[in-house]
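Descriptive structure summary
Given next are the chains, with one letter for each unit.
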Amino acid sequence: MQGLEDFSHVDVLFIFDQFPPHDDYREPRPNRGRTDLPPVGIFAGRGPRRPNRIGVTCCAIESVRGRQLTVVGLDAVSGTPVIDLKPTMAEFLPVNVQQPEWVSHLMSEYFQP
């Protein structure tokens, strides 16, 4: 973790280990099971039911103490196995990101308690 305290954010890669595998990912499904959202293919969503079962979230670093990292905004349940950490670097961040309007609507409510 040495040096990570100098960064504001970290990309956390983890395994969706608490969802049973699904046999067929070919059929588009409504995002998060919501019928008010359009069905999308597996790689057009960020849900846990994936063939590779790998998730990633960019999180704010709250503190680094020795080998203990505390982050804010991790989109995983407690106990989820973390497989890698990568410091978030401005040079790797995209510019002019585009997304459908329904995604903006969904995400406006996403982190609400």
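As shown above, the structure is provided for reference.
A brief report on the enclosed structure follows. Remember, it's a predicted structure, so these values are computed and weren't measured experimentally. (Residues numbered from 1 in each chain as written. Predicted model: local features only at pLDDT ≥ 70, side-chain atom pairs only at ≥ 80, totals over all residues. Heavy atoms only, no water.)

Further remarks concern the overall build of the protein. Within the protein one finds one helix and six strands. For the protein, the N- to C-terminal ordering of α and β elements is β-β-β-β-β-β-α. The dimensions of the protein, computed from C-alpha atoms along their principal axes, are 45 × 35 × 30 Å. Sorting the 113 residues of the protein into buried and exposed places 20% on the buried side. Sequence separation of at least 24 residues holds for 72% of the intrachain contacts in the protein that already meet a minimum separation of 6. About 8,500 Å² of surface is accessible on the protein, with carbon and sulfur atoms providing 54% of the total. Charged side chains in the protein number 11 positive and 14 negative. The centres of these two groups are separated by 6 Å. (Helix = DSSP H or I, 4+ residues; strand = E, 2+ residues; numbered from the N terminus. Buried < 20%, exposed > 50% of the residue type's maximum accessible area, 1.4 Å probe, protein only. Contact = heavy atoms within 4.5 Å. Areas by Shrake-Rupley, 256 points an atom, 1.4 Å probe, with all protein chains shown as cover. Lys, Arg positive; Asp, Glu negative; His and termini not counted. Charge placed at Lys NZ, Arg CZ, Asp CG, Glu CD.)

Mapped onto the secondary structure, Gly66 falls in the loop between strand 4 (54–65) and strand 5 (68–72). Judged by its relative accessible area of 60%, Gly66 falls in the exposed class. Considered as a pair, Gly66 and Gln112 are 46 residues apart in the sequence and their alpha carbons are 31 Å apart.

In terms of nonpolar packing, the biggest core is built from eight residues, these being Leu4, Val10, Val12, Phe14, Phe16, Cys59, Ile61 and Val64. Residue assignment for this core shows that the elements contributing at least two residues are strand 1 (9–15) and strand 4. Discounting chain neighbours no more than four positions away, the residues touching Val64 are Met1, Leu4, Glu5 and Leu69. Counting five residues, the second largest nonpolar core, distinct from the first, contains Leu37, Val40, Val103 and Leu106. (Core = buried A, V, L, I, M, F, W, Y, C linked by side-chain atoms within 4.5 Å.)

Once that is clear, we can look at the layout of surface pockets. Its volume calculated, the largest pocket comes out at about 1,200 Å³. Every residue lining the largest pocket is counted, 41 residues in all, and those nearest its centre are Arg32, Gly45, Arg46, Gly47 and Pro48. For the lining of the largest pocket, the secondary-structure elements that each account for two or more residues are strand 1, strand 2 (29–30), strand 4 and helix 1 (101–108). If you tally residues by element for the lining of the largest pocket, the top one is strand 4, at five residues. (1 Å grid on protein atoms, 1.4 Å probe; cavity = no way out; pocket = protein on both sides within 12 Å on 5 of 7 lines; lining within 4 Å. Points joined across faces, edges and corners; volume = space filled by probe spheres on them.)

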